[in-house]
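One-letter residues, chain by chain:
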Amino acid sequence: MVGLKEELLKSIWHAFTALDLDRSGKVLSHNLCTVLNVPHDPVALEEHFRDDDEGPVSNQGYMPYLNKFILEKVQGNFDKVEFNRMCWTLCAKKNLSKSPLLISDEDAFKVWVIFNFLSEDKYPLIIVPEEIEYLLKKITEAMGAGWQQEQFDHYKIALNTSREGLSAWELIDLIGSGQFSKGMDRQTVSMAINEVFNELILDVLKQGYMLKKGHKRKNWMERWFVLKPNIISYYVSEDLKDKKGDIILDGNCCVEALPDKDGKKCLFLIKCLDKTFEISASDKKKKQEWIQAIQTTVSLLRAGSPPPHKEARQKRKELRQKLLAEQEELERQMKELQAANENKQKELETVRKQLEAAAARAAEEEKKRLQTQVELQDRFSLELEREKMVRQKMEEQVAQKSSELEQYLQRVRELEEMYKQLQEALEDEKQARQDEETVRKLQARLLEEETAKRAELEKWHLQQQQTIQMTEAEKQELENQRMMKEQALQVAMQQLKQLELERKEALEQYEEVKKKLETAANNTKSWKDKVAHHEGLIRLIEPGSKNPHLITNWGPAAFTEAELEERQRSWKGKKATSE
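Residues numbered from 1 in each chain as written. Predicted model: local features only at pLDDT ≥ 70, side-chain atom pairs only at ≥ 80, totals over all residues. Heavy atoms only, no water.

- For the chain, an unreviewed UniProt entry supplies the name Switch-associated protein 70 and the organism Poecile atricapillus.
- Looking at the chain in UniProt, the text filed under Subunit (unreviewed entry) is "The SWAP complex consists of NPM1, NCL, PARP1 and SWAP70." (UniProt positions renumbered as here; feature names shortened; annotations may be inferred.)

Shown next as structure tokens:
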């Protein structure tokens, strides 16, 4: 209701500014109550206008009465065109230009109503250049002519230099002068103004002739259809005098294309909650345009959005307000910068004066400084001589310390070299011990294999003795077996000899490793003596025992060499006896 009240106030403003309300306020109020379908209260009107000394737009004037007794009671069930025409009648005679115009009084009325729709929400009412451009473009498009942007830019520049916008009467003079409709006749301009009026004021989104199928007789009749944001009205003709019905639109409505039938083409169907309407367009293009327009209208109803032209007007207004706010902010910043610049200028002037005073003081201080400098120069000369002597002594001490440091570094390098050689000797000793351990493991493995072979030979010997005690009948067979075992025994003896040779080679390798170990130990001992001579910086790792160790399959040093030889002779004797 706030938006409706603002729209009504614009038209009323034209009316009460054109009248002498001290004499005609009662007539205007009565007419407003009549066209707005508001109950008239003559007692309140007489009471209000009894004392009107402070003017019609003051708190004691006409506006309080208008708001309280008329506008607050408006419900929206009135004819907007009739209301605007009443206000136009009251103000047009006084304000309309007397010069001849290319548009009729009816077209001028429609331009005046469009002005109230597009004007800014501040008084006195004006229409800004952006809205003038929007309106002229709409009229030019409706006439089917091309828009002259360059011509309007020149007009806009001339307008901006003198004022912010145009009043309603200046807008009527501009359109009526034909400045932006050259080459068009009066009828074309009138039709274009009427088309824009229907769209912006009457909310006519689309209109035109189509065939409609009746609900009772099922016959097809031509009707003039008018699409608005929430209703489709259809009339006998385009003069809108004989209305035949309405199609109420809401978010539940839908429109569907139908195939051709019963000799009718370009059919589509409008489905509502209570009724369904079959309509035939004149051609496929009109059919698609109507379907698209109705679908768009239903989508806006579902979303709760206003008609496209009202939404576009609101967006343009918000954009202008945003640009205005940015411009005001920019002006404020410019003023702040200007004030800051002036302050800086004042500060710089103050600093300049301070610098001049400081320069005078500095000149006086410079004289004093020169006098003091001569006195200090003599004193510094004496101190410089003393400093040279002290520096010479320090250089001699530094030279002596450098020599001592060089000797110390030489000694450290010698110790590092000895340490490296000692590391190499320790590595040799470590490698020798690893070789010794490898030989020991090899000797133990050979002894284990020798013991296994001997046990096998003893087992074969016992089997031969058992074979001799057998009967003569088995002797020949046993003899054959004995020969085979003898051959196997010879092979085993050869393997045993081979193992003995390998054992001897392992002993020889062990002796070589032992010699290397002794050599490494001697080297270590000699380096130990050298290191001990140099203040004992390193403690050597002591080598192991130098006594030889014997390794058998029973472990290191389990038998002496004599015991091993005795066992070998006993085994060979047993072998000879068995043969």
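## Structural notes on the overall build of the chain
- Scanning the chain from terminus to terminus reveals 14 helices and nine strands.
- Within the chain, residue pairs in contact and separated by at least 24 positions form 62% of the contacts whose partners lie at least 6 positions apart. (Helix = DSSP H or I, 4+ residues; strand = E, 2+ residues; numbered from the N terminus. Contact = heavy atoms within 4.5 Å.)

## With respect to the pairing of strand β7 (residues 276-280)
- Judged by how many residues are buried, β7 sits mostly within the fold: four of five residues are covered.
- Relative to β7, strand β6 (residues 267-271) is paired through five bridges, and the arrangement is antiparallel. Across the sheet, I270 pairs through a bridge with F277, a residue of β7.
- Where β6 hands over to β7, the hairpin turn is made up of four residues, counted between the paired strands. (Buried < 20%, exposed > 50% of the residue type's maximum accessible area, 1.4 Å probe, protein only. Pairing = 2+ DSSP bridges.)

## Some details on the nonpolar core
- Residues L36 and W112 are the most contacted members of the largest nonpolar core, which totals 65 residues.
- Element by element, the count of residues in this core is highest for helix α6 (residues 105-118), at nine residues.
- Setting aside residues no more than four positions away along its own chain, W112 makes contact with S11, H14, N84, C87, W88, C91, A168, W169 and I172.
- With 21 residues, the next largest nonpolar core counts M210, F225, V255 and I270 among its residues. (Core = buried A, V, L, I, M, F, W, Y, C linked by side-chain atoms within 4.5 Å.)

## Side note on the packing of aromatic side chains
- Summed over all chains, the structure comprises 15 aromatic pairs.
- For the pair W147 and F152, a centre-to-centre distance of 5.6 Å together with 45° between the ring planes defines the contact as tilted.
- Among the aromatic residues, those joined into a cluster by ring pairs are W88, F109, W112, W169 and F197.
- A cation over a ring is seen here: R313 above F117, with NZ or CZ 4.0 Å from the ring centre. (Phe/Tyr/Trp six-rings, centres within 6.5 Å; stacked < 30°, edge-to-face > 60°. Lys NZ or Arg CZ within 6 Å of the ring centre and 35° of its normal.)

## Quick look at empty space enclosed by the protein
- Scanning all chains against the criterion turns up three cavities of 30 Å³ or more.
- Its boundaries defined by the atoms lining it, the largest cavity holds a volume of some 210 Å³.
- Forming the walls of the largest cavity are 15 residues, and the residues nearest its centre are E7, K80, N84, V113 and I201.
- Listing elements by their share of the lining of the largest cavity, those giving two or more residues are α1 (2-18), α5 (80-95) and α6.
- Top element by residues in the lining of the largest cavity is α1. It accounts for four residues.
- Partitioned by chemical class, the residues of the lining of the largest cavity number seven nonpolar, three polar and five charged. (1 Å grid on protein atoms, 1.4 Å probe; cavity = no way out; pocket = protein on both sides within 12 Å on 5 of 7 lines; lining within 4 Å. Points joined across faces, edges and corners; volume = space filled by probe spheres on them. Nonpolar A, V, L, I, M, F, W, Y, C, P; charged D, E, K, R; others polar.)

## Regarding the confidence of the model for the chain
- Averaged over all residues, the pLDDT of the chain equals 82, while 88% of them reach at least 70.
- Across residues 52-59, where pLDDT falls below 50, the model places 15 contacts with residues more than four positions away in sequence or in other chains.
- Across residues 536-542, where pLDDT falls below 50, the model places 16 contacts with residues more than four positions away in sequence or in other chains. (pLDDT = per-residue confidence, 0-100.)

## Focus on a nonpolar patch on the surface
- A cluster of nonpolar side chains, namely L330, M334 and L337, defines an oily patch on the protein surface of about 320 Å² accessible area.
- Along the chain, the position of L330 falls in helix α12 (residues 308-468). (Patch = residues over 30% accessible without salt bridge, like charges linked within 9 Å, V, L, I, M, F, W, Y side chains within 5 Å. Areas by Shrake-Rupley, 256 points an atom, 1.4 Å probe, with all protein chains shown as cover. Salt bridge = Lys/Arg side-chain N within 4 Å of Asp/Glu carboxyl O.)

## A word on helix α7 (residues 129-143)
- In a regular helix each residue adds 1.5 Å, so 15 residues correspond to 21 Å; α7 covers 21 Å between its end C-alpha atoms and thus fits that length.
- P129, E131, I132, E133, Y134, L135, L136, K138, I139, T140 and M143 are the residues of α7 that are buried.
- A positive phi of about 80° marks G144, the residue just after α7. (Expected span 1.5 Å × (residues − 1).)

## Some words on a negative patch on the surface
- Taken together, E416, E417, E424, E427 and D428 make up a surface patch of like negative charges.
- Mapped onto the elements, E427 comes out in helix α12. (Lys, Arg positive; Asp, Glu negative; His and termini not counted. Charge placed at Lys NZ, Arg CZ, Asp CG, Glu CD.)

## With respect to the sheet that holds strand β4 (residues 243-248)
- Strand order in the open sheet formed by seven strands is β4-β3-β2-β1-β7-β6-β5, with antiparallel pairing between adjacent strands. Pairing within the sheet leaves two strands with one partner each, and these edge strands are β4 and β5 (254-258). Pairs of neighbouring strands in the sheet enclose a mean axial angle of 35°, with direction left out of account. (Axes fitted to C-alpha atoms, helices over the stretch in contact; angles between N-to-C directions.)

## What to know about the packing of α5 against α6
- At a minimum axis distance of 10 Å, the contact between α5 and α6 shows a crossing angle of 105°. Comparing the axis directions of α5 and α6 gives the class roughly perpendicular. Residue-level inspection shows V81, N84, R85, C87, W88 and C91 of α5 in contact with α6, the latter providing D105, E106, A108, F109, W112 and V113.
- Here the residues of the contact of α5 with α6 sort into eight nonpolar, one polar and three charged. (Parallel < 35°, antiparallel > 145°, perpendicular 65-115°, else oblique.)

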